[in-house]
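So you can see what is in the structure, the chains are spelled out below.
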Amino acid sequence: MQTSDSFSGLVCTETGDEYDADATGASDAGAPLDPAYDLDAVEWDAETLAERPFDTMWRYRELLPFAEPVTANEGATPLVSADALGEEAGVGSLLIKDEGRNPTGTFLDRGFSLAVTAAREADAEVVAHASPGNGAQSAASYAGLVDARSYGFVPSRTPFPNKAMVNVHGGQMKVVGGRYPDALSALHEQLKSDWYTLQEFDNPYRHDGAKTVAYEVAERLDWSVPDWVVVPVSTGELTYGVYKGFSDLVELGLVESVPKLVAAQSVGCSPVATAWEADSDAHEAWNQPDTIVGELEIPDPAGGSLALRAVRESGGAAVAVSDDDALESAVTAAQTAGVEVGPAGGVALAGAWELADEFDADDTVVVVNTESGTKNADILRSHLMGQGV
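Residues numbered from 1 in each chain as written. Predicted model: local features only at pLDDT ≥ 70, side-chain atom pairs only at ≥ 80, totals over all residues. Heavy atoms only, no water.

1. Examining the side chain of His-129
Here comes step 1: Turning to its location among the elements, His-129 is positioned in strand β6 (residues 126-130).
Here comes step 2: If sequence neighbours within four positions are ignored, His-129 has contacts with Phe-112, Gly-135, Ala-136, Ala-139, Tyr-151, Gly-152, Phe-153, Leu-187, Leu-198, Gln-199 and Arg-206. (Helix = DSSP H or I, 4+ residues; strand = E, 2+ residues; numbered from the N terminus. Contact = heavy atoms within 4.5 Å.)

2. Considerations on helix α13 (residues 343-354)
Here comes step 1: Under the 1.5 Å per step criterion, the end-to-end length of α13 is 16 Å for 12 residues, consistent within 8% with the ideal 16 Å.
Here comes step 2: Within α13, 10 of the 12 residues are buried, which leaves it mostly tucked inside the rest of the structure.
Here comes step 3: Every buried residue of α13 is listed here: Pro-343, Ala-344, Gly-345, Gly-346, Val-347, Ala-348, Leu-349, Ala-350, Gly-351 and Ala-352. (Expected span 1.5 Å × (residues − 1). Buried < 20%, exposed > 50% of the residue type's maximum accessible area, 1.4 Å probe, protein only.)

3. Concerning the environment of Val-339
Here comes step 1: By secondary structure assignment, the location of Val-339 is in the loop between α12 (323-337) and α13.
Here comes step 2: With 242 residues separating them in the primary sequence, Val-339 and Lys-97 have C-alpha atoms 9.7 Å apart.
Here comes step 3: Excluding residues within four positions of it along the chain, Val-339 makes contact with Val-80, Ile-96, Asp-98, Ala-333, Ala-334 and Asn-369.

4. Some words on the side chain of Ser-329
Here comes step 1: With respect to the helices and strands, the residue Ser-329 is situated in helix α12.
Here comes step 2: When its relative accessible area of 3% is taken as the criterion, Ser-329 is described as buried.
Here comes step 3: Excluding anything up to four places from it in sequence, Ser-329 contacts Gly-346, Leu-349, Ala-350 and Trp-353.

5. Things to note about the nonpolar core
Soluble globular proteins tend to bury their nonpolar side chains together.
Here comes step 1: Membership of the largest hydrophobic core comes to 57 residues, with the highest contact counts inside it found for Trp-44 and Leu-249.
Here comes step 2: Taken together, the elements giving at least two residues each to this core come down to β1 (7-12), β3 (33-37), α3 (108-121), α4 (134-145), α8 (212-220), β10 (228-232), α9 (237-252) and β13 (364-369).
Here comes step 3: Sort the elements by how many residues they give to this core and α3 lands first, with 7 residues.
Here comes step 4: For Trp-44, the contacting residues outside a window of four places in its chain are Leu-49, Arg-52, Tyr-60, Glu-62, Leu-63, Tyr-215, Leu-249, Leu-252 and Leu-254.
Here comes step 5: Ranked by size, the runner-up nonpolar core spans 35 residues in total, among them Leu-296, Ala-333, Val-365 and Val-367. (Core = buried A, V, L, I, M, F, W, Y, C linked by side-chain atoms within 4.5 Å.)

6. Focus: the sheet that holds β10
Sheet strands pair by backbone hydrogen bonding; their relative direction is either parallel or antiparallel.
Here comes step 1: Taken together, 6 strands build an open sheet; the order of strands is β4-β5-β13-β10-β11-β12 and the sheet is mixed. The open sheet has two edge strands, β4 (79-81) and β12 (317-321), and neither has a second partner. The mean inter-strand angle of the sheet, taken between neighbouring strand axes irrespective of direction, is 25°.
Here comes step 2: Where strand β11 (residues 260-266) lies against β12, 5 bridges are found, and the strand directions are parallel. Paired with Ser-266 across the strands is Val-321, a residue of β12. (Pairing = 2+ DSSP bridges. Axes fitted to C-alpha atoms, helices over the stretch in contact; angles between N-to-C directions.)

7. Some points on the packing of aromatic side chains
Here comes step 1: Applying the stated criterion to the full structure yields 7 aromatic pairs.
Here comes step 2: Judged by centre distance (6.3 Å) and plane angle (50°), the rings of Phe-7 and Tyr-205 are tilted. Here Phe-7, found in strand β1, pairs with Tyr-205, found in the loop between β9 (196-197) and α7 (206-210); they are 198 residues apart in sequence, far enough to count as distant. You'll find Phe-7 and Tyr-205 in the same group, each marked buried.
Here comes step 3: Where Trp-44 meets Tyr-215, the ring centres are 5.8 Å apart and the plane angle is 90°; that geometry is what we call edge-to-face. Separated by 171 residues along the polypeptide, Trp-44 in the loop between β3 and α1 (46-50) and Tyr-215 in helix α8 bring together distant segments of the chain.
Here comes step 4: Residue Trp-44 is classed as buried on the basis of its relative accessible area of 9%. (Phe/Tyr/Trp six-rings, centres within 6.5 Å; stacked < 30°, edge-to-face > 60°.)

8. Remarks on the pattern of salt bridges
Here comes step 1: Inspection of every chain in the model, using the stated rule, returns 17 salt bridges.
Here comes step 2: The shortest N-O distance in the salt bridge between Arg-157 and Glu-297 comes to 2.9 Å. Pair noted here: Arg-157 is in the loop between β7 (149-155) and α5 (160-168) and Glu-297 is in the loop between α10 (271-277) and α11 (304-314), with a separation of 140 residues, a long-range link.
Here comes step 3: Accessibility expressed as a relative area gives 3% for Glu-297, which makes it buried.
Here comes step 4: Connected through shared salt-bridge partners, Asp-34, Asp-208, Lys-211, Lys-244 and Asp-248 make up one network. (Salt bridge = Lys/Arg side-chain N within 4 Å of Asp/Glu carboxyl O.)

Here it is, written out as structure tokens:
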């Protein structure tokens, strides 16, 4: 496996035990594996990075695992000022990190760049995973770059644009009746041939791509950190990844602290927020998930405990918001900030407003929009129609 000079292998997130770089699945302790780096070998400073074009997440190549990545120029997404939203939230500055500008319109492109690179390094001919929708589209795109056969198992409620683009990218789409857990079960029951997993946390590299969101936010703020970062929680990979990214920057001496992370979920499926309210280190699986925000309808997130750890260690919080508030927030962002926020990003915005009383008047708040609003334009339009618009 051709790895970067600073990459030192995989470690168990529970015990710290070391594993080979080609390992997949959980550790012997049953916990996710995490890429580890020799940060002493990374010679970064603001001037060095300023000399590189701000074009892809691979400008931070010393803190990514692979020397020759599979890439579609993911990353380098804009940090958009949303003055009207900031005024409403009562903060000095509210910024939207718009991950909808990635190649397939989702932050997941960052992780699939790494996950498919790992698959290529393992000489995998077939890759597969289950997804609410965006992941299947992203994986099919990156698998196509290495001529690997890709299978995406998705629930029947997956938006049509996701389904269509899986096939457009050359992937095999398997639509399963029911919801996300049914798609995950079908993956393991129906796919009999040898395949390489791209599943979050079974593949240990997806969340490592998400950490580059933190690098970009800090650099765009001239190597300072916002007071708060609000992320929508699905599998937990983004929450943990962002925390890991800011923690790296602290250890490298580029920033002074990790911002407070807010994990936002829908009230119809909020295992992480519920565990937070119960002051628990581990979530319980959600029995009857019911939210219109399909990307966040993950009743038993593989990275739930890591997300809770990130929130707790950053001094942040977890919140649950209604679907109506999430959709209204997404529409408001489109109309006042010019950002086509998806329903999942709307959950993050609504989460910010839910915590507005916790913010100081001069705080800087970054909200991560994880997907393009065009993926769920029908849902956003239906929300308006429900209001008579």
